[in-house]
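# Structure at a glance
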Amino acid sequence: MTDLPEQAPLAELREFLYSYLEGTPRAVEAARGVSFEVRRGERVGIVGPTQSGKSTVVYALAHLLRLKEGQVFHEGEDVAAAGYDRAALRRSVGVVFQRPDFQILEDVVGKDVAFGPTAAGVPAKETRERVEESLEAVGLSYPEFRLRYVHALSGGQKRRVALAGVLAMRAPLIVLDEPMAGLDPRGRDELFGLFERLREQRNLTMVMCSSSLADASLLCDRLIVLEEGRVAMDAPVREVLAGADRLDALGIALPEPVALARELRKILPDLPTDLLTEEELEEALLERLGESRA
Amino acid sequence: MIEVDGVSFAYRGGESDAVHALRDLDIQIEPGRLVAVIGHNGSGKSTLVKLLTAVLYPTEGGIRVDGVPVRHETRWEIRSRVSVVFQDPDDQLVMNRVADDVAFGPENLGLPREEIAERVESALEAMGIADISEKIVDDLSLGQKQRTAIAGALAMRPRYLILDEPTSLLPAVAATRLIEAARELNRREGMGVIHVTHSMAEAALFDRVIVLDTGRLVMDGPPSEVFRRAEELREIGLDVPLAASLASRLRSHGIPLEGDILTDADLRKSVFALPRSAGDSG
């Protein structure tokens, strides 16, 4: 490659193909030629109906699959090439799994967050600093939570502990598998606020897959919509939402304001659907209903 | 009829004090009704489900299902009347093949072979999954697994079906399909459905909405009444369906929307019915 690493995208898939149980009668083609780039500081959401290949794509970026050459690149380098330093790669990509229990290894919060840095040989003093900073970053007070038992935490708190563990590794790319699944509205609001703060403070690069277009729209800058293992749409969030009819045809549930706007378009054909919030829909409606009144 | 009478329940922790999950709860649910239960995490929803299915027993008060008191000795009888579908279908799918999993419950009741076959077939049919009956459970999508779990519950021919947040892991399309299937069963067979959910839009589709907060019943009524109390709901961390909330915002701007507005279609109809007013002619 002639590109300097700094100019290469942080992560990239090129015509990525993947089949589970390849060579057996139960083989399933999950990705059928997926290409996209992730640039530094971007927040990219991978959405699509069930079995569209979302998790496979995210697992590929997290290097959790056995990859073939020429398909997955990290900072411009082929991660499947012979001689590529995959151990270093593991430290530069943090993964937050859908079920925090999969990655919380210790029974006490502080110990768990320290696990990664300690295993990576970070000195004790710096590890302690990183644990404190990471816990505070995910909104868990260090003095209050460091000695708490993990099993006594709520689902949302456990997910934050898992995320703190990943932050403590200082990985430039964070990959999240369904970060909002199973949380109640309060837990979701907390996580939304947390991601917003992390983005402002740390300029993190994040890729997440979500079965909820609503969540992904609020959390991401850009969305990649998959259909049967292929990229159906790849655009900034609002551009994707403007294509509400297409999303619906793909079998993707629309965010509430978008779905409601689409219903109201039956009688207000010029109502836009690229709406993120109730307030935006209210404004668009007042413009139209207010005009014909007043 | 399900009668919850003065029920309290406390989890007893090891070193810590007892945690009160439910306090002095009174609820009557008539057979054949569509009831939604809402409340945020920690409101006691899941504890209530466990009490209704004889997984836990009240610390105080009593519960009766069709007159049968819920006790350890009556648990099998209770569970033959009340079936539950959990949030995560992997928690309750036990067999390899879809049809075998649906047959698992009736087989344990010791029913004759023909009756089991008949029940399995009609449960698969009701959930629209007859075409995947020979498939391996592990190969299914989450939505298909969820429907398999419900088919398994239906094969028990319960009087009451409890759905314990089954839609929270599903994309909304699949969730809507699942609720429609439950409503259809209610219409056809008179089976009562108790749907525990986080989704206000889903709750709006039921006849009655019960709201729990920190173990107490705080609201109970038809959705049109419950969702009128938007402020109180927000105070306890809940919300109202978007169409309802938007309608009240528009009204506060002087747009005279009429009628109860809970669903998207309700709002569309009310907007359509707005008088074509001064602005047009002026």
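Reading the values: the criteria
- Within every chain, residues take consecutive numbers counted from 1 along the sequence as written.
- Chain A is the first chain written and ligand 1 is the first ligand written, with later ones labelled in order.
- Local features in this predicted model are restricted to residues of pLDDT 70 or higher, and side-chain atom pairs are both shown and tallied only at a pLDDT of 80 or more, whereas totals for entire chains, interfaces and linings draw on every residue.
- Every helix listed is a DSSP run of H or I at least four residues long, and every strand listed is a run of E at least two residues long, numbered separately from the N terminus.
- Only the C-alpha atoms count toward the radius of gyration. The rule for a globule is 2.2 Å times the residue count to the power 0.38.
- Neighbour counting defines burial: a residue surrounded by 20 or more other C-beta atoms within 10 Å of its own C-beta is buried, one with 12 or fewer is exposed, and intermediate counts give partly exposed, using backbone-placed C-beta atoms.
- Contact between two residues is assigned when their C-beta atoms, built from the backbone, lie within 7 Å.
- Strands qualify as paired when DSSP identifies two bridges or more between them.
- Angular values range over 0 to 180 degrees, each being the angle between N-to-C directions of two axes fitted as lines to C-alpha atoms, with helices fitted over their stretch in contact.
- Delimitation of the domains relies on an automatic or database domain assignment.
- Classes in brief: Ala, Val, Leu, Ile, Met, Phe, Trp, Tyr, Cys and Pro nonpolar; Asp, Glu, Lys and Arg charged; the others, Gly included, polar.

### Comments concerning the overall build of chain B
- Secondary structure summary: chain B contains 12 helices and 10 strands in total.
- At 21 Å, chain B has a C-alpha radius of gyration in line with the 19 Å of a compact globule built from 282 residues.
- For chain B, the spread of C-alpha atoms along the principal axes amounts to about 75 × 50 × 35 Å.
- Taking all 282 residues of chain B together, the buried fraction comes to 45%.
- Residue pairs at least 24 apart in sequence account for 60% of intrachain contacts in chain B once pairs closer than 6 positions are excluded.

### Quick notes on the sheet that holds strand E4 (residues 60–65) of chain B
All names here are of chain B.
- In space, the 4 strands of this open sheet follow the order E2-E1-E4-E5, with antiparallel pairing throughout. Sheet topology places strand E2 (19–29) and strand E5 (68–69) at the edges, where each strand pairs with a single neighbour.
- This element, helix H1 (residues 45–52), spans strand E1 (2–11), E2 and E4 of the sheet and lies at about 120° to E1.

### Here's the deal with the environment of B:Thr148
Residue and element names in this part refer to chain B.
- Considering the arrangement of structural elements, one finds Thr148 in helix H5 (residues 142–154).
- Here Thr148 falls in the buried class, since 28 other C-beta atoms lie within 10 Å of it.
- Distance in space between the C-alpha atoms of Thr148 and Asp266 is 33 Å, their sequence separation being 118 residues.
- Here Thr148 is in contact with Pro89, Leu93, Val98, Asp101, Val102, Ile129, Val137 and Leu140, once residues within four sequence places are set aside.

### Description of the domain arrangement of chain A
Residues and elements named next belong to chain A.
- According to the domain assignment, chain A consists of domain 1 (11–254) and domain 2 (255–294).
- Here domain 1 and domain 2 have C-alpha centroids that lie 33 Å from each other.
- Contacts between domain 1 and domain 2 engage 9 residues on the former and 10 residues on the latter.
- If you list the elements that add at least two residues to the side of domain 1 that touches domain 2, you get helix H8 (213–219) and helix H9 (237–242).
- It is H8 that contributes the most residues to the side of domain 1 that touches domain 2, 4 residues altogether.
- Grouping the amino acids of the side of domain 1 that touches domain 2 by side-chain chemistry returns 7 nonpolar, 1 polar and 1 charged.

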